[in-house]
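Secondary and tertiary structure notes
As a plain string of letters, each chain reads:
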Amino acid sequence: MEKLAEIIANQLLQIKAIKLQPANPFTWASGWKSPIYCDNRKALSYPEVRDFIKLQFARLVLEKYPEVDVVAGVATGAIAQGALVADAINKPFIYIRSAAKSHGMTNLIEGDLQPGQKVVVIEDLISTGGSSLKAVEAIREAGAEVMGMLAIFTYGFGVAEKAFDEANVELTTLSSYEQMIPYAKESGYVTADDVATLQEWRKDPANWNK
């Protein structure tokens with residue numbers, strides 16, 4: 001998995017799905033200042049990267065969860081990737097909205113999910129884990145079983161690790177912030193001083209300010 005994490009980090013950095021700006025931080029929607037911005041939806045525009053991620057997800061699903069009945073994607077970032085994975089392993093696909101529709105059938109889950117079915121959830125990015133675990137909750141409330149969650153990348157925040165543990169959800173990611181930093185340094189994306197900034201940020205991202 002270490003080699004895979006390096007390959008994924010390289011791909012995401014090359015296509016600028018991951019951007020590192022320690023000297024000129026981004027402002028997230030939450031208001032946090034951050035030296036990194038990650039938008040894995042960009043991978044969908046690069047067929048080789050898109051296909052590689054799909055195949056790695058498909059391999060992991062079949063290895064870890066061979067009894068899976070349904071693949072689920074978390075809206076909106078993982079809908080397309082989840083559908084690609086479901087197609088690759090020839091399984092039904094559903095996706096979970098961030099909130100129920102305000103009209104029509106007022107669905108929270110789109111697609112056909114039956115009580116008792118075994119579900120693997122696909123996510124693009126794990127930050128605090130809140131939206132990802134809301135999707136898990138929706139699946140469980142529908143009477144189905146969540147076998148685990150697979151994500152492209154995680155920031156590795158302690159709050160997310162605690163939330164997944166408390167929700168009893170196994171999380172597997174293709175790459176992570178911690179695994180990406182040494183690769184970014186070795187490949188010249190950041191300097192040694194930048195690495196120190198990146199490591200400092202993750203200790204307390206909510207209160208960090210460059």
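Throughout, residues of each chain are indexed from 1 in the direction in which the sequence is written. pLDDT decides what is reported in this predicted model: residues at 70 or higher carry local features, side-chain atom pairs at 80 or more are listed and counted, and totals for whole chains, interfaces and linings draw on all residues regardless. Think of the side-chain values as coming from all heavy atoms in the structure, minus any hydrogens and water.

**Examining the environment of Leu 113**
As a reminder, the rule being used: Elements are defined by DSSP. Helices are runs of H or I of four residues or more, strands are runs of E of two residues or more, and each kind is numbered from the N terminus. Partly exposed describes any residue whose relative accessible area lies between the buried limit of under 20% and the exposed limit of over 50%, with all areas from a 1.4 Å probe on protein chains only and scaled to the type maximum. Contacts are assigned to residue pairs with any non-hydrogen atoms lying within 4.5 Å of each other.
Within the fold, Leu 113 resides in the loop between strand 7 (109-110) and strand 8 (118-126). For Leu 113, a relative accessible area of 14% translates into the label buried. Sequence separation of Leu 113 and Ala 72 is 41 residues, and the distance between their C-alpha atoms is 9.6 Å. Apart from the residues lying within four places of it in its own chain, the contact partners of Leu 113 are Val 70, Ile 94, Val 119, Ile 139, Ala 142 and Ala 144.

**A short note on the pattern of salt bridges**
Basically, it comes down to this: Think of a salt bridge as a Lys or Arg side-chain nitrogen and an Asp or Glu carboxyl oxygen that are within 4 Å of each other.
Enumeration over the complete set of coordinates arrives at 8 salt bridges. In this structure, the salt-bridge partner of Arg 41 is Asp 39, at a minimum N-O distance of 3.0 Å. Looking at Arg 41, the relative accessible area reads 43%, which means it is partly exposed. For the salt bridge of Glu 63 with Arg 59, the shortest nitrogen-to-oxygen distance reads 3.2 Å. Here Glu 63 pairs with Arg 59, and both are found in helix 2 (residues 47-64), just 4 residues apart, close to one helical turn.

**Considering the nonpolar core**
Basically, it comes down to this: Here, nonpolar core means buried Ala, Val, Leu, Ile, Met, Phe, Trp, Tyr and Cys residues that are tied together by side-chain atoms lying within 4.5 Å of each other.
Judged by nonpolar contacts, the single largest core of 69 residues is most densely connected at Phe 153, Tyr 155 and Met 180. Looking at this core element by element, the count peaks at 7 residues for strand 9 (residues 145-154). Among residues more than four places away in sequence, those in contact with Phe 153 are Leu 12, Ile 18, Ile 36, Cys 38, Asn 40, Asp 124, Leu 125, Ile 126, Ser 175, Ser 176, Tyr 177 and Met 180.

**Overview of the sheet that holds strand 6 (residues 93-96)**
How we decide: Note: two strands are recorded as paired if DSSP finds a minimum of 2 bridges between them. Comment: axis = line fitted to C-alpha atoms, over the contacting stretch for helices; angle = value between 0 and 180 degrees taken between N-to-C directions.
Taken in spatial order, the 6 strands of this open sheet run 7-6-5-8-9-10, and their pairing is mixed. Since the sheet does not close on itself, it has two edges, and those belong to strand 7 and strand 10 (171-176), each with one partner. Examined bridge by bridge, strand 5 (residues 70-74) and strand 6 share 4 bridges and lie parallel to one another. Considered in strand 6, the bridge of Val 74 is made with Ile 96. Contacts between helix 1 (residues 2-14) and the sheet are confined to strand 9 and strand 10, with strand 10 contributing the most and set at about 60° to the helix.

**What about the pairing of strand 9?**
So the rule is basically this: The crossover handedness rule: strands pointing away from the viewer, path from first strand over the helix to second strand clockwise, crossover right-handed.
Along strand 9, 9 of the 10 residues are buried, which leaves the element largely enclosed by surrounding structure. Relative to strand 9, strand 8 is paired through 8 bridges, and the arrangement is parallel. In the sheet register, Ile 122 faces strand 9, and the bridge partner there is Leu 150. With helix 5 (residues 158-166) bridging strand 9 and the parallel strand 10, this β-α-β connection has right-handed handedness.

**A word on helix 7 (residues 192-203)**
Applied cut-off: Expected helix span is computed as 1.5 Å times (number of residues minus one). In this context, the arc is that of the directions from the helix axis out to the C-beta atoms.
Given a rise of 1.5 Å per residue, 12 residues ought to cover 16 Å, and the 17 Å separating the end C-alpha atoms of helix 7 matches this to within 8%. Buried within helix 7 we find Asp 194, Val 195, Thr 197, Leu 198 and Trp 201. One face of helix 7 carries all of its buried residues, which in axial projection span an arc of 160°. More than 90 degrees from the buried face of helix 7, the exposed residues found are Asp 193 and Lys 203. Lining the buried residues of helix 7 we find strand 1 (18-20), strand 3 (33-34), strand 4 (36-38) and helix 6 (177-186).

**Brief notes about the packing of aromatic side chains**
Quick reminder of the rule: Pairing of aromatic side chains requires ring centres within 6.5 Å, counting the rings of Phe and Tyr and the six-membered ring of Trp. Pairs whose planes differ by under 30 degrees are stacked, by over 60 edge-to-face, and all others tilted.
Under the criterion given, the structure shown has 11 aromatic pairs. When the centroid spacing of 5.7 Å and the interplanar angle of 20° are considered together, the rings of Trp 28 and Trp 32 count as stacked. Residue classification places Trp 28 among the buried positions, given a relative accessible area of 14%. Three or more aromatic residues joined by ring pairs make a cluster, and in this case those are Trp 28, Trp 32, Phe 153, Tyr 155, Phe 157, Tyr 177 and Trp 201.

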